[in-house]
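Listed below are the residues making up each chain.
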Amino acid sequence: MAGVKEAITIAQAKVEVTGWREAIRASCQPLVGSGAIEERYAERCIEIVEEQGPYIVVAPGIALAHARPENGVKRLCLSVTTLNEPVEFGHPENDPVDLVFAFGSPDSEQHIGLLQTLAERLQEGLARRLREAQTSKELDSLMRAVANAVKKEPGCQG
Amino acid sequence: MTKKGHLKEPLKVMTICGVGMGSSLILRSTAEKALRQLGVDAEVAHEDVSSARSVDADVIIGQALHTEEFENAAPVVVTISDFTDVDALANKLRAPLKEQGWLV
């Protein structure tokens, strides 16, 4: 069992987009820029919603954009983007979305600790604090706190 | 497959989503907490919908989009729209688990 590899985390506050596809692209773009994912990953994230519906909208106002490791992931990564204006994903209950996470994992295990920690923080009200952040710097420190918490917790395997 | 009555072994719970990596994993964490809150001994796994079709479970949890096709695939199928709300999920699980005799 390998330890938790350091994840690339990126935060961007108050981004301007005109629709859900653009929101997904915007959430993936800095991860492409940092070399964690390939450009095609964002397009696959969009296709998954087109094929399967907007189930990635996992809570009111919150989307979790992701595809599979083989869709172009090089390193474990997680981005958070708050939107200036919320967008509709077509979800019957959780629209509109103003908080978009994107993550990529190079295999089916590396992201588990990170996502579990994110889930726990969301259960405890992290979304409210993220929405209140006015700058990318504030958002970034909130996300770093999530990523740092992973290292202290033992990886939960299967 | 159905374990009617008092539980002798942990309940097999499955959270589902399209890819089986992200959304269902978030929901798994929430389900584990909700079941703990209810005092139900359970093992929770997360799956994508296509793998889920071939897995036996006592309880399946997911979004309406996915649970519709699983309506008769498990004794208890629960639909939830907020994957991060532990209390809401515990409330939704309470009645059907009681009905099965898995919760007193």
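As the structure is a computational prediction, the values presented were derived from the model and not from experiment. (Residues numbered from 1 in each chain as written. Chains lettered and ligands numbered in written order. Predicted model: local features only at pLDDT ≥ 70, side-chain atom pairs only at ≥ 80, totals over all residues. Heavy atoms only, no water.)

## Here's the deal with the confidence of the model for chain A
For chain A, per-residue confidence averages 92 on the pLDDT scale, and residues scoring 70 or more make up 92% of the total. When pLDDT is averaged over each element of chain A, strand E3 (residues 62–65) of chain A comes out on top at 98 and helix H5 (residues 136–152) of chain A at the bottom at 89. (pLDDT = per-residue confidence, 0-100. Helix = DSSP H or I, 4+ residues; strand = E, 2+ residues; numbered from the N terminus.)

## Describing the packing of helix H1 (residues 23–38) of chain B against helix H4 (residues 86–99) of chain B
Residue and element names in this part refer to chain B. For the pair H1 and H4, interaxial distance at closest approach is 9 Å and the crossing angle is 60°. The angle between H1 and H4 falls in the class oblique. Where H1 crosses over H4, the handedness of that crossing is right-handed. Judged by residue contacts, Leu27, Thr30, Ala31, Lys33, Ala34, Leu35, Gln37 and Leu38 of H1 engage Val86, Asp87, Leu89, Ala90, Leu93, Arg94 and Leu97 from H4. (Axes fitted to C-alpha atoms, helices over the stretch in contact; angles between N-to-C directions. Parallel < 35°, antiparallel > 145°, perpendicular 65-115°, else oblique. Left-handed = near helix turned anticlockwise from the far one by under 90°. Contact = heavy atoms within 4.5 Å.)

## Overview of the interface of chain A and chain B
Each partner contributes to the interface: chain A provides 33 residues, whereas chain B provides 21 residues. The three residues of chain A that bury the most area against chain B are Tyr55, Val58 and Gln123 of chain A, which together make up 30% of that side's buried surface. One can count zero salt bridges joining chain A with chain B. At the junction of chain A with chain B, the criterion picks out 12 residue pairs in polar contact (both at pLDDT 80 or more). Listing elements by their share of the side of chain A that touches chain B, those giving two or more residues are helix H2 (39–52), strand E2 (57–59) and helix H3 (112–123) of chain A. Ranked by the residues each element gives to the side of chain A that touches chain B, the list is headed by H3 of chain A, at eight residues. Within the side of chain A that touches chain B, the residues separate by chemical class into 18 nonpolar, 11 polar and four charged. (Buried area = accessible area lost by both parts, 1.4 Å probe. Salt bridge = Lys/Arg side-chain N within 4 Å of Asp/Glu carboxyl O. Polar contact = N/O pair within 3.5 Å; in protein donor to acceptor, adjacent residues only side chain to side chain. Nonpolar A, V, L, I, M, F, W, Y, C, P; charged D, E, K, R; others polar.)

## Observations regarding the pairing of strand E1 (residues 11–17) of chain B
Residue and element names in this part refer to chain B. Of all seven residues making up E1, six are buried, and the element is well covered by its neighbours. Sheet analysis places E1 next to strand E2 (residues 42–48), joined by seven bridges and oriented parallel. Pairing of Lys12 across the sheet is with Glu43, part of E2. Two elements, E1 and strand E3 (residues 59–62), share three bridges in a ladder whose sense is parallel. Residue Met14 lies in a different strand from E3, and its bridge partner there is Ile60. (Buried < 20%, exposed > 50% of the residue type's maximum accessible area, 1.4 Å probe, protein only. Pairing = 2+ DSSP bridges.)

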